[in-house]
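Residue strings, one per chain:
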Amino acid sequence: MNAKPRHQVELNLPQMLGVMAKQKRRHFEWGRGTGKSTVLAYMMMQMAITMPRGKFALAGTSFRSMLGETLPSTIEGLEMFGIYQGIHFYVGQRAPLKLGWGVPFQPPNDWTNCIHFFTGAAFFLVSQDKSSLERRGHNFDAVIGDEAAQLDE
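Everything numeric in this text was worked out from a predicted model, so none of it was measured. (Residues numbered from 1 in each chain as written. Predicted model: local features only at pLDDT ≥ 70, side-chain atom pairs only at ≥ 80, totals over all residues. Heavy atoms only, no water.)

**Looking at the overall build of the chain**
As a reminder, the rule being used: Every helix listed is a DSSP run of H or I at least four residues long, and every strand listed is a run of E at least two residues long, numbered separately from the N terminus. Partly exposed residues are those whose accessible area sits between 20% and 50% of the maximum for their type, while under 20% is buried and over 50% is exposed, using a 1.4 Å probe and protein chains only. Residue burial considers only the protein chains on display, and all accessible areas are found by Shrake-Rupley using a 1.4 Å probe.
Along the backbone of the chain there are 4 helices and 5 strands. Going from N to C terminus, the chain has its helices and strands arranged as α-α-β-α-β-β-β-α-β. When burial is assessed residue by residue, the chain has 37% of its 153 residues classed as buried. Counting every atom, the chain has about 9600 Å² of accessible surface; 50% of that belongs to carbon and sulfur.

**As for the sheet that holds strand β2 (residues 89–91)**
Operational definition: A strand pair is defined by DSSP finding two or more bridges across the two strands. Each axis is a line fitted through C-alpha atoms, taken for helices only over the stretch in contact, and angles between the N-to-C directions span 0 to 180 degrees.
Pairing in this open sheet of 5 strands is mixed, and the strands run β2-β3-β4-β1-β5 from one edge to the other. The two strands at the open ends of the sheet, each matched to only one other strand, are β2 and β5 (142–145). Neighbour-to-neighbour, the strand axes of the sheet open up by a mean angle of 20°, direction not taken into account. Inspection of the sheet shows strand β3 (residues 114–117) paired to strand β4 (residues 122–127) by 3 bridges, in the antiparallel sense.

**Structural notes on the packing of aromatic side chains**
This is how the line gets drawn: Within 6.5 Å between ring centres, the rings of Phe, Tyr and Trp (the latter by its six-membered ring) count as paired, and their orientation is classed by plane angle as stacked under 30 degrees, edge-to-face over 60, tilted in between. Whether a charge sits over a ring depends on NZ of Lys or CZ of Arg being within 6 Å of the ring centre and within 35 degrees of the ring normal.
Applying the stated criterion across every chain, the model contains 6 aromatic pairs. On the numbers, 5.4 Å between centres and 25° between planes, the contact of F89 with F117 is stacked. Within this pair, whereas F89 is found in strand β2, its partner F117 is found in strand β3, the two being separated by 28 residues in sequence. With a centroid separation of 5.6 Å and an interplanar angle of 65°, the aromatic rings of F117 and F123 are classed as edge-to-face. Since its relative accessible area comes to 1%, F117 is described here as buried. Judged by its relative accessible area of 0%, F123 falls in the buried class. Grouped by ring-pair contacts, the aromatic residues F56, F89, F117 and F123 constitute a single cluster. Between K55 and the ring centre of F124, over which it is positioned, the NZ or CZ distance is 5.0 Å. In this structure, K55 is placed above the aromatic ring of F140, and the distance from its NZ or CZ to the ring centre is 5.8 Å.

**Notes on helix α2 (residues 36–50)**
Let me state the cut-off plainly: Working rule for helices: expected span equals 1.5 Å times residues minus one. Only heavy atoms matter for contacts: two residues are in contact if any of them lie within 4.5 Å across the pair.
Here α2 contains 15 residues, and its C-alpha end-to-end distance of 21 Å stays within 8% of the 21 Å for a straight helix at 1.5 Å per residue. Among the residues making up α2, those that are buried are T38, V39, L40, A41, M43, M44, M45, M47 and A48. Against α1 (13–20), β1 (55–60), α3 (63–80), β3, β4 and β5 lie the buried residues of α2.

**Digging into the nonpolar core**
Put simply, the test is: In plain words, nonpolar cores are sets of buried Ala, Val, Leu, Ile, Met, Phe, Trp, Tyr and Cys residues tied together by side-chain atoms within 4.5 Å.
One finds M44, I115, F117, F123 and I144 to be the most contacted residues of the largest nonpolar core, which totals 24 residues. Elements that contribute at least two residues to this core include exactly α2, β1, α3, β3 and β4. Tallying contributions element by element places α2 first for this core, with 8 residues. Excluding residues within four positions of it along the chain, I115 makes contact with M44, L58, L71, F89, Y90, V91, A121, A122, F123 and L125.

**Re the pairing of β1**
In the case of a regular strand, side chains alternate between the two sheet surfaces. β1 sits mainly inside the fold: 6 of its 6 residues count as buried. Burial along β1 is two-sided: the residues K55, A57 and A59 and F56, L58 and G60 are all buried. The sheet contact formed by β1 and β4 spans 6 bridges and is parallel. Its bridge partner lying in β4, L58 is registered against L125.

**Concerning α3**
Turn by turn, an α-helix covers 3.6 residues, leaving residues three or four places apart pointing in a common direction. The criterion, for reference: Two axes are fitted around each residue, one to the seven residues ending there and one to the seven starting there, and the angle between them is reported as the bend at that residue.
Under the 1.5 Å per step criterion, the end-to-end length of α3 is 24 Å for 18 residues, consistent within 8% with the ideal 26 Å. The principal kink in α3, of about 40°, is found at T70, preceding the proline P72 by one to four residues. Residues F63, S65, M66, T70, L71, T74, I75, G77 and L78 constitute the buried set of α3. In this fold, the buried residues of α3 make contact with α2, β1, β2, β3 and β4. G82 sits one or two residues past α3 and shows a positive phi near 80°.

Written out as structure tokens, the structure is:
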């Protein structure tokens, strides 16, 4: 499978300000169609590249909303940046061993709710619709969330 040719992605003003912000915690309260998923994809890409073998949380209010709404638009955003599923990352499984990709320093036993990147980084889908015991105990390098206004601290 060959990757599509890359093209230049032009960010709009809110997106540029969002990705350039230096704060550790950033909350974007933007309207529909502003490009939040594009920024989410950009940040995921940057985290995976700058912190190889990192372990990150992609948090959402429910697995249903993450799998049905957040993930498809985020995957589309990753594709805008030339990062393709099945080439640069795998969803719900570890990349095939023959590719020789690294794994996070603390890899999961079960890759069902993970996104595994070519850098060895992994994003764990973490949802509030599961018990707090399932969300606790992880050592994440960073957390990124969708619909953060609806997430419990």
